[in-house]
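What follows is the residue order along each chain.
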Amino acid sequence: MPGRNCAFCILHSAFLLNSTSIFCKIVAGQLPSCKVYEDTITLAFMDIGPIVPGHTLVIPKIHVDPLTAAPPEVLQKLILVVQSIARAQFKAFQADGVNVIQSNGRAAGQVVPHLHFHVIPRFAADGHHWNWQPRPYAKNDEMEALAEKIKGALE
Ligand code: AMP
């Protein structure tokens, strides 16, 4: 574990932790959290507003937002921790399912501007229902045109 005077740690706190992000304050220990797991790159803690009890958040310790800005090594570690938390929720709660949710931007419902994955244990009778209303394309051409746009924008 690097010491507090380590040059990397000083740079990390000065440039990578964004003091305005509530999750950065949790990482820095300036706000309390109920931790489930941490390593040098990630932190997992209980969501204080769970949609189902056991709802956990997985975040990078550095300030990154949105998903598209995440360095590959950070994202790789995050998704493995998401998988571990999901496995633990299945095991610890005998969950019937797990939702993994990740939102980018206000239009997508994101409230806290620091990359995070929601890992939510689900139960057959947990009472939560997504307001997910499919709106099929009027014409197949429309779907295909959008697929072409996405393909054209892939890097
Ligand atoms: P999102 O809407 O995807 O940005 O989700 C943000 C989540 O952060 C919500 O589910 C909140 O309940 C949760 N949250 C906000 N502040 C805290 C906090 N201090 N500790 C734990 N969870 C938090």
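To be clear, the structure that these remarks concern was listed above.
Residue positions are counted from 1 within each chain, in the order its sequence is given. Only residues with pLDDT of 70 or above have their local features reported here, since the model is predicted, and side-chain atom pairs are shown and tallied only from 80 upward, although totals for entire chains, interfaces and linings are computed over all residues.

Novice: Describe in detail the site of the ligand, supporting the description with residues and values.
Specialist: Here, nearness means that the C-beta atom of a residue, built from backbone geometry, sits within 6 Å of the molecule or strand in question. By nearness alone, every residue bordering the ligand is listed as I22, L31, S33, D47, I48, G49, L57, S103, G109, Q110, V111 and V112. For this classification, the nonpolar set comprises Ala, Val, Leu, Ile, Met, Phe, Trp, Tyr, Cys and Pro, the charged set comprises Asp, Glu, Lys and Arg, and every other residue, Gly included, is treated as polar. Looking at side-chain class alone, the shell around the ligand contains six nonpolar, five polar and one charged residues.

Novice: So, the pairing of strand β2 (residues 42-46): which residues are in play, and what are the values?
Specialist: Partly exposed residues are those whose C-beta has more than 12 but fewer than 20 other C-beta atoms within 10 Å; 20 or more makes a residue buried and 12 or fewer makes it exposed, with C-beta atoms placed from the backbone. Counting from the N terminus, the helices are DSSP H or I runs at least four residues long and the strands are E runs at least two residues long. Within β2, four of the five residues are buried, leaving the element largely enclosed by the surrounding structure. Pairing between strands requires that DSSP locate at least two bridges from one strand to the other. Here strand β1 (residues 35-38) pairs with β2 via three bridges, running antiparallel. What sits directly across from K35, in β2, is F45. Counting the residues in the hairpin turn of β1 and β2 gives three residues.

Novice: I'd like to hear about helix α4 (residues 140-153), residue by residue, with values.
Specialist: Because each turn of an α-helix spans 3.6 residues, side chains separated by three or four positions end up pointing in the same direction. The first and last C-alpha atoms of α4 sit 20 Å apart over 14 residues, in line with the 20 Å expected at 1.5 Å per residue. In terms of residue burial, α4 counts as a barely covered element, since only zero of its 14 residues are buried. Here a helix's expected span is defined as the number of its residues, less one, multiplied by 1.5 Å.

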